[in-house]
4 protein chains.
Amino acid sequence: MTQVKAALLGATGAVGQRYINMLGKHPTIKLEILMGGESAGKKYGEAVHWLFPEAIPEEYAKAMVKTADPESAKGCDIVFSALPTEVARDIEEKFARAGFTVVSEASAHRMDEDVPLMIPEVNAEHLKLLEKQGKKRGWKGKIATTPNCTVTGLAMVLKPLIDAHGAKKAIVTTMQALSGAGYPGVPSLAIADNVIPYIKNEEEKVAKEARKILGTLSDGTIKPHDIPMGVTCNRVAVMDGHTETLYAEFGEEVEPQKIVKTLAGFRSEPQKLKLPTAPEWPIVVRSENDRPQPRLDRMAGSVPGMAVTVGRVRSGIDKKAIQLTLLSHNTIRGAAGTAILTAELMDREGYTG
Amino acid sequence: MTQVKAALLGATGAVGQRYINMLGKHPTIKLEILMGGESAGKKYGEAVHWLFPEAIPEEYAKAMVKTADPESAKGCDIVFSALPTEVARDIEEKFARAGFTVVSEASAHRMDEDVPLMIPEVNAEHLKLLEKQGKKRGWKGKIATTPNCTVTGLAMVLKPLIDAHGAKKAIVTTMQALSGAGYPGVPSLAIADNVIPYIKNEEEKVAKEARKILGTLSDGTIKPHDIPMGVTCNRVAVMDGHTETLYAEFGEEVEPQKIVKTLAGFRSEPQKLKLPTAPEWPIVVRSENDRPQPRLDRMAGSVPGMAVTVGRVRSGIDKKAIQLTLLSHNTIRGAAGTAILTAELMDREGYTG
Amino acid sequence: MTQVKAALLGATGAVGQRYINMLGKHPTIKLEILMGGESAGKKYGEAVHWLFPEAIPEEYAKAMVKTADPESAKGCDIVFSALPTEVARDIEEKFARAGFTVVSEASAHRMDEDVPLMIPEVNAEHLKLLEKQGKKRGWKGKIATTPNCTVTGLAMVLKPLIDAHGAKKAIVTTMQALSGAGYPGVPSLAIADNVIPYIKNEEEKVAKEARKILGTLSDGTIKPHDIPMGVTCNRVAVMDGHTETLYAEFGEEVEPQKIVKTLAGFRSEPQKLKLPTAPEWPIVVRSENDRPQPRLDRMAGSVPGMAVTVGRVRSGIDKKAIQLTLLSHNTIRGAAGTAILTAELMDREGYTG
Amino acid sequence: MTQVKAALLGATGAVGQRYINMLGKHPTIKLEILMGGESAGKKYGEAVHWLFPEAIPEEYAKAMVKTADPESAKGCDIVFSALPTEVARDIEEKFARAGFTVVSEASAHRMDEDVPLMIPEVNAEHLKLLEKQGKKRGWKGKIATTPNCTVTGLAMVLKPLIDAHGAKKAIVTTMQALSGAGYPGVPSLAIADNVIPYIKNEEEKVAKEARKILGTLSDGTIKPHDIPMGVTCNRVAVMDGHTETLYAEFGEEVEPQKIVKTLAGFRSEPQKLKLPTAPEWPIVVRSENDRPQPRLDRMAGSVPGMAVTVGRVRSGIDKKAIQLTLLSHNTIRGAAGTAILTAELMDREGYTG
């Protein structure tokens, strides 16, 4: 793996900060350019409302934030986008048109037919969509996307359940962390002593994105998986880590122990390729009754925060159903981490530069 | 309705306090005797770790807590029990044997064949079980029980869904309040920035108790309803109010609007009898996307805290399924309030004294 | 007392809502006109992000929000202002010029020499400033103000300590509630598992405003009290209720019991006049070690939320010093409540209309 | 420094866990024996309610907890005690009598005349008390103690203020973390949406212990410092990190900048000796207005959690007073960390073994 030079769009936001946090000591990707909107022209350390206890790495604190323009990223092999959705579509396309490889966390292009929606452990082969994307769009560069933070853990758990056991229906209730709404995000007066039983557009995204990610590539397009999903999204007073209860139905009887074995044994392309940000085991299964818990399990994995934790695996109403609880870190596994892992995969498979 | 004299077992606990709070100005029930374990012999105001902002009513603050013994309750028509489960079985039976009418919030006798498990809006006719109970047990008195706090709201919503639309399967995820665990209950270090994805024995209770409550009385016994239920219980950082997501499947197509109409229009025996603690409308349906919320909706109802709030009523995966979110106050509707309502019903129907 | 017609500027904000909440059943003041900025032209119920569990009173939910213009308030005897400080100065003056009696919670005019800064229990006589205000300013109407939410409880406690015991120095540390920052205010990610040890401009305001309020009127101007104050303001994860620790030094030895007696016995003009929003006893002194607590004591008083609660009264380093903890509801006693009480006093003393 | 073998009393408690957390990779101290009360005879991993996200180090998870008896610790050079105060006195003395060097976090012996109460940066020379302790008590071993978690940060800040500027009075208000009360400790229902304005016995301890720590050793005894202190202790909803506001008076005028320089430049014995657990700079001074914050600053220092963070340094009422806010991690700097640092100092100076 050669050294990859990277630029970051939306560097001052909550997810943008996570990139800086994760790429600080990355072995192959070097984050060189920070871009922003209102923060352009200021020093990063002065423009950002930094959310982590660890200080901003000196190098970035002093770096000047540049305008979100292809000119700013000259010489970079990859452009990460942590832009707010409203502005992402236009800006990301400008970069793709100018020849950049964009890996975007924004929702703008996720559902575009010719844009891969990547979780490297689940659908590495979807990157092939990129081969035709440029031609069709008249772009020199390309755009790959990563999913909504709530989908990531869920799709990673559904993938082996579908492949090994033919899961055919999923009822999901989420308890999502505050950081999923960015900063300033959820007002303290709204969530104190409370649960908010609704997150705008989230439920639709979870179902649609999951089906695309779990879909199969044939004839250069993705046929979405047809698993039906009933999803309810809630916001709870947790800082990081989305907890989700899953009730899954199967076409045949399934033993909880077998499900545990399937999930705990799940490994995929990033693990085979030993990508730097790939956790050794993507799914950690806990046997204690009272796990996963966001505060205790969100940093799970050999790469902290990159493993999904599953617990409470048990039968459902009948032997053809399973109930479990899963948890993943929404700004690491559900955002920056999966985007970085995607960039690593793209680099290894020759899609960057 | 005549004046009913009442005694209270477990008066210092979190639920016990709620009785004092609710019975302070009750039109027909007069709480005269407070009983306790370690607190016996002390003044109530000194023995209790009082949890409410409103001061303890003068009269009770000064009252001497008596030992949990039938002798203490002499002259009372009804004995409410807010005892911890471990000690409830023995003590409650002692009172029943001595001729008292016991209405118990404890789980000890809930599943006994000859003991009614009451939500007056759902199964008023189950009180008939009491007619044979004394003979069979050799008791002069009797015991009626009220369900687990998590079941109450759920059963109240399922009842009209079953009766009007034939609901035939329920997948439930709960987000339960801290007060459900009593005081001291959940340590702050356990729940800060966290969700606890498990509550001991709770899921089993929810399914079993719901089926008994929704069951039908025939030949003097209750045939539990056969609706299958998949239940996952979580604890969240909310003081009062259990929120539950319900995915319900039906035998036929159901329109969300019809479901809304059915729920909002639900009224039952306590409403017909105009029992003092009966809310005018047992189920409040909210049309806003982001309701119910525990902090805003737990005190819903013409009798505060006695109505269940439902929101987010929408189709499920197909037209034969409905998703909704419900919320009820766990120590009012889910405990003291339903017990008091049961006592009112019993009094009206001649089961006390 | 005649019926007073009132209008409200800034009706949709957090403090604005508190006025609607408190004036709903007021015996003499009738809130007739709601005014707003961006919300003008909409129905109040649709424009407001309502923060209370109790529904918006029907009458106000349906009311059309009017533009913040004197024309809108025609016929009103009093105009309450809950405007944000940035816009308060201009708009309030427009109303005063047009002949209205403005009672403002905003900081804009608080420190103006000819504007009374009112806590009716502390400085009722400061209203006399109004007698010259109009002439000097060329206004037909007038402006009275009420202090910052953090000052109110403190000044109410200092007043009797100064009058009866000659307090001569005050060291104060506050732990302030989230609602003090309005809505959306403090982001949940900022305050979760945290204390914010700073509130912009707050410490200066507390000292300056307290000295004006405690000052004496002579020759038509107020001579600020000279008590020196060291103030540190913190934000904590509490919804309502500012807690403050006070270390007060005196010129002579003071007994804690005497201090308790002085504080608990404090009554003033509003109590004598039996103003509707005056608590019977403005200061409640608790003897328990662990009081006051915001959740338990913020609604103290015969008019809920209008009494300040004091606890932990004990000697300081030597016998000439006292330590205590005080608590007051920041949006009732510290905002809307004191403004309404001021309006009641003005009405009774002939300053309205 | 030679390898030091250590045993731990009270291994399963909240502070006990912190020792295991901190000693896991210690360069010179090897924790070999875990001792407990009810947990004796069980595997540590099964007996403990583990509070950290990082897993229990394998080696300790499997270790058998031994009874709290000198026999159990045979071969150890040092015995750390994280025992609850009620049992600490007897058990610790048994170990000292048996020849062990005990470093205790418990309060039992802290105020004993011949027992040093250690913060190595503040009073390294107090270890000399140990030279006579054994003879006088008839012990072969000895006991050194470390202070209450609230004192540590405060005494570390007062030390340079006294030495360099002659601080002569301190008014302190604390906002203390939940972990200071251990586990289960503070009930969630007690602290949600609340501040508890009292911590039993804490204020007395802070004043007494600070004066002993800051005292001078002469003729083999410690003469407590005479700085008078007014202390108010509060509990707030923060997991770790005690925040304290300090109002300090001096005998002469003090410039805030000079105070900053004094504090930021403070270094002492542990820094000179380069003890492994000594932070390079014991006090970190932040210039931002809104720091220190517990969530952002509790892990400050080159050894995480061992530095005290100070901010908001500004003049008080007059030029002879200073106000500032300080923060230290209560279970690291305020407990296990200072005890480990004390053990390192004792080892280096020949007091162990």
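Residues numbered from 1 in each chain as written. Chains lettered and ligands numbered in written order. Predicted model: local features only at pLDDT ≥ 70, side-chain atom pairs only at ≥ 80, totals over all residues.

### Examining the overall build of chain A
Convention followed: Secondary structure elements are taken from DSSP: a helix is a run of H or I of four residues or more, a strand is a run of E of two residues or more, and numbering for both begins at the N terminus. Radius of gyration here uses only the C-alpha atoms, and the compact-globule reference equals 2.2 Å multiplied by the residue count raised to the power 0.38. In this scheme every C-beta is placed from the backbone, and a residue whose C-beta has 20 or more other C-beta atoms within 10 Å is buried, one with 12 or fewer is exposed, and one in between is partly exposed. Residues are scored as being in contact if the C-beta atoms we place from backbone atoms lie within 7 Å.
Scanning chain A for helices and strands turns up 13 helices and 14 strands. By the compact-globule yardstick of 20 Å for 353 residues, chain A fits well, its C-alpha radius of gyration being 19 Å. Across the 353 residues that make up chain A, the buried fraction comes to 61%. Contacts in chain A between residues far apart in sequence, at least 24 positions, make up 75% of those at least 6 positions apart.

### Remarks on the packing of helix H1 (residues 14-23) of chain A against helix H13 (residues 332-348) of chain A
Residue and element names in this part refer to chain A. Let me state the cut-off plainly: Lines fitted to C-alpha atoms define the axes, with helix axes restricted to the stretch in contact, and inter-axis angles between N-to-C directions lie between 0 and 180 degrees. Angular relationships are summarised with four words: roughly parallel below 35 degrees, roughly antiparallel beyond 145, roughly perpendicular across 65 to 115, and oblique for the angles in between. Should the near helix be turned anticlockwise from the far one by less than a right angle, the crossing is termed left-handed; should it be turned clockwise, right-handed. Gly falls in the polar group here, along with every residue not listed as nonpolar (Ala, Val, Leu, Ile, Met, Phe, Trp, Tyr, Cys, Pro) or charged (Asp, Glu, Lys, Arg).
At their nearest, the axes of H1 and H13 sit 10 Å apart, and the two run at 55° to each other. The angle between H1 and H13 falls in the class oblique. The hand of the H1/H13 crossing is right-handed. Seen from H1, the contacting residues are Val15, Arg18, Tyr19, Met22 and Leu23; seen from H13, they are Ile332, Ala335, Ala336, Gly337 and Ile340. Here the residues of the contact of H1 with H13 sort into eight nonpolar, one polar and one charged.

### Observations concerning the sheet that holds strand S10 (residues 229-235) of chain C
Strand pairing in a sheet is mediated by backbone hydrogen bonds. Such pairs are either parallel or antiparallel. All names here are of chain C. Operational definition: What makes two strands pair is DSSP finding at least two bridges between them.
Read from one edge of the open sheet, six strands run S10-S7-S11-S14-S13-S12, paired in mixed fashion. The outermost strands of the open sheet, each flanked by one partner alone, are S10 and strand S12 (283-285). Ignoring which end each strand starts from, the neighbouring axes of this sheet average 25° apart. The pairing of S12 with strand S13 (residues 308-315) spans three bridges and is parallel. Of the residues in S13, the one forming a bridge with Val284 is Thr309.

### Considerations on the interface of chain B and chain A
Opposite the 35 residues of chain B that make contact, chain A presents 35 residues. Of all elements in the fold, only strand S7 (167-176), strand S10 (229-235), strand S11 (242-250), helix H12 (294-297), strand S13 (308-315) and strand S14 (321-328) of chain B reach the threshold of two or more residues within the side of chain B that touches chain A. Residues of the side of chain B that touches chain A, tallied by class, amount to 17 nonpolar, 13 polar and five charged.

### Here's the deal with the packing of helix H7 (residues 149-165) of chain D against helix H13 (residues 332-348) of chain D
All names here are of chain D. In the contact formed by H7 and H13, the axes pass within 8 Å of each other and the chain directions differ by 90°. Here H7 is positioned roughly perpendicular relative to H13, judged by the angle of their axes. Judged by residue contacts, Cys149, Thr152 and Gly153 of H7 engage Arg333, Gly334, Ala335 and Thr338 from H13. Considering only residue class, the contact of H7 with H13 consists of two nonpolar, four polar and one charged.

### Focus on the relation of the copies chain B and chain A
Put simply, the test is: Superposition of the copies used a least-squares fit over C-alpha atoms from residues whose pLDDT is at least 70 in both.
Least-squares fitting of chain B to chain A yields an RMSD of 0.0 Å, with the transformation described by 0.0 Å of translation along the axis and a rotation of 180°. A rotation of that kind, with that shift, is consistent with a two-fold axis. Counting the interface residues of chain B, we find that 100% of their copies in chain A are interface residues as well, pointing to one common contact surface.

### Observations concerning the sheet that holds strand S4 (residues 78-81) of chain D
All names here are of chain D. Taken in spatial order, the six strands line up as S3-S2-S1-S4-S5-S6 in an open sheet, and their pairing is parallel. Only two strands of the sheet have a single partner each, and these edge strands are strand S3 (66-67) and strand S6 (142-145). Two elements, strand S5 (residues 101-104) and S6, share four bridges in a ladder whose sense is parallel. Across the sheet, the residue bridging to Val103 is Ala144, located in S6.

### Concerning the interface of chain D and chain C
Every contact between the two is made by 35 residues of chain D and, on the other side, 35 residues of chain C. The residue inventory of the side of chain D that touches chain C, partitioned by class, reads 17 nonpolar, 13 polar and five charged.

### A look at the domain arrangement of chain A
Residues and elements named next belong to chain A. Selection rule: For the purposes of this description, domain bounds are those given by an automatic or database domain assignment.
Structurally, chain A comprises domain 1 (4-148 + 336-348) and domain 2 (150-329). The centre of domain 1, based on its C-alpha atoms, is set 24 Å off from the matching centre of domain 2. Tallying the contact residues gives 32 residues for domain 1 and 31 residues for domain 2. Elements supplying a minimum of two residues to the side of domain 1 that touches domain 2: helix H5 (120-123) and H13. Ranked by residue count, the leading element in the side of domain 1 that touches domain 2 is H13, at seven residues. For the side of domain 1 that touches domain 2, the class distribution of residues is 14 nonpolar, 10 polar and eight charged.

### Remarks on the environment of C:Gln293
Tracing the chain through its elements places C:Gln293 in the loop between S12 and helix H12 (294-297). A C-alpha to C-alpha distance of 13 Å links C:Gln293 and C:Thr174, two positions 119 residues apart in sequence. Residues within four places of C:Gln293 in sequence aside, it is in contact with D:Asn194, D:Val195, D:Ile196 and D:Pro197.

### Quick look at the pairing of S7(B)
Residue and element names in this part refer to chain B. Counting buried positions over the 10 residues of S7 gives eight, a clear majority of the element. Looking at chain direction, S7 and S11 are connected through eight bridges and run antiparallel. Across the sheet, residue Ala170 finds its bridge partner in S11, namely Ala248. The sheet contact formed by S7 and S10 spans seven bridges and is parallel. Directly across from Ala170, in S10, lies its bridge partner Met229.

### A short note on helix H7 (residues 149-165) of chain C
For an α-helix the count is 3.6 residues per turn, leaving residues at separations of three or four pointing the same way. All names here are of chain C. For the record, the criterion: Here the expected length of a helix is defined as 1.5 Å per residue gap, with one fewer gap than residues. In this analysis the local bend is the angle between axes fitted, respectively, to the seven residues ending at and the seven residues starting at the residue.
Compared with the 24 Å implied by 1.5 Å per residue over 17 residues, the 25 Å span of H7 between its first and last C-alpha is a close match. By the largest-angle criterion, Ala155 marks the main kink of H7, which is about 25°. By the criterion of burial, H7 is predominantly enclosed, with 14 of the 17 residues buried. Where H7 terminates, the next one or two residues include Gly166, which has phi positive at roughly 70°.

### Quick word on the pairing of strand S5 (residues 101-104) of chain C
All names here are of chain C. Spelled out, the test is: Handedness rule for crossovers: strands pointing away from the viewer, path from the first strand over the helix to the second running clockwise, crossover right-handed.
Side-chain alternation along S5 places Thr101 and Val103 on one buried face and Val102 and Ser104 on a second face that is also buried. Of the pairings in the sheet, the one linking strand S4 (residues 78-81) to S5 comprises three bridges and is parallel in character. From the neighbouring strand, Phe80 faces S5, where its bridge partner is Val103. Where the polypeptide runs from S4 across helix H4 (residues 85-97) and back to S5, its parallel neighbour, the crossover connection is right-handed.

### Describing unusual backbone geometry
Of note, the amide linkage connecting C:Arg291 to C:Pro292 takes the cis form, showing an omega dihedral of 5°. Within the element layout of this structure, C:Pro292 appears in the loop between S12 and H12. For the bond from D:Tyr183 to D:Pro184, the omega torsion is 5°, close enough to zero to count as cis. In this fold, D:Pro184 is placed in the loop between strand S7 (167-176) and helix H8 (188-191). The backbone of A:Asp219 sits at a positive phi, close to 55°, despite the residue not being glycine. Within the element layout of this structure, A:Asp219 appears in the loop between strand S8 (216-218) and strand S9 (221-223). Since 6 C-beta atoms lie within 10 Å of it, A:Asp219 is described here as exposed. Unusually for a residue other than glycine, C:Arg312 sits at a positive phi of about 55°.

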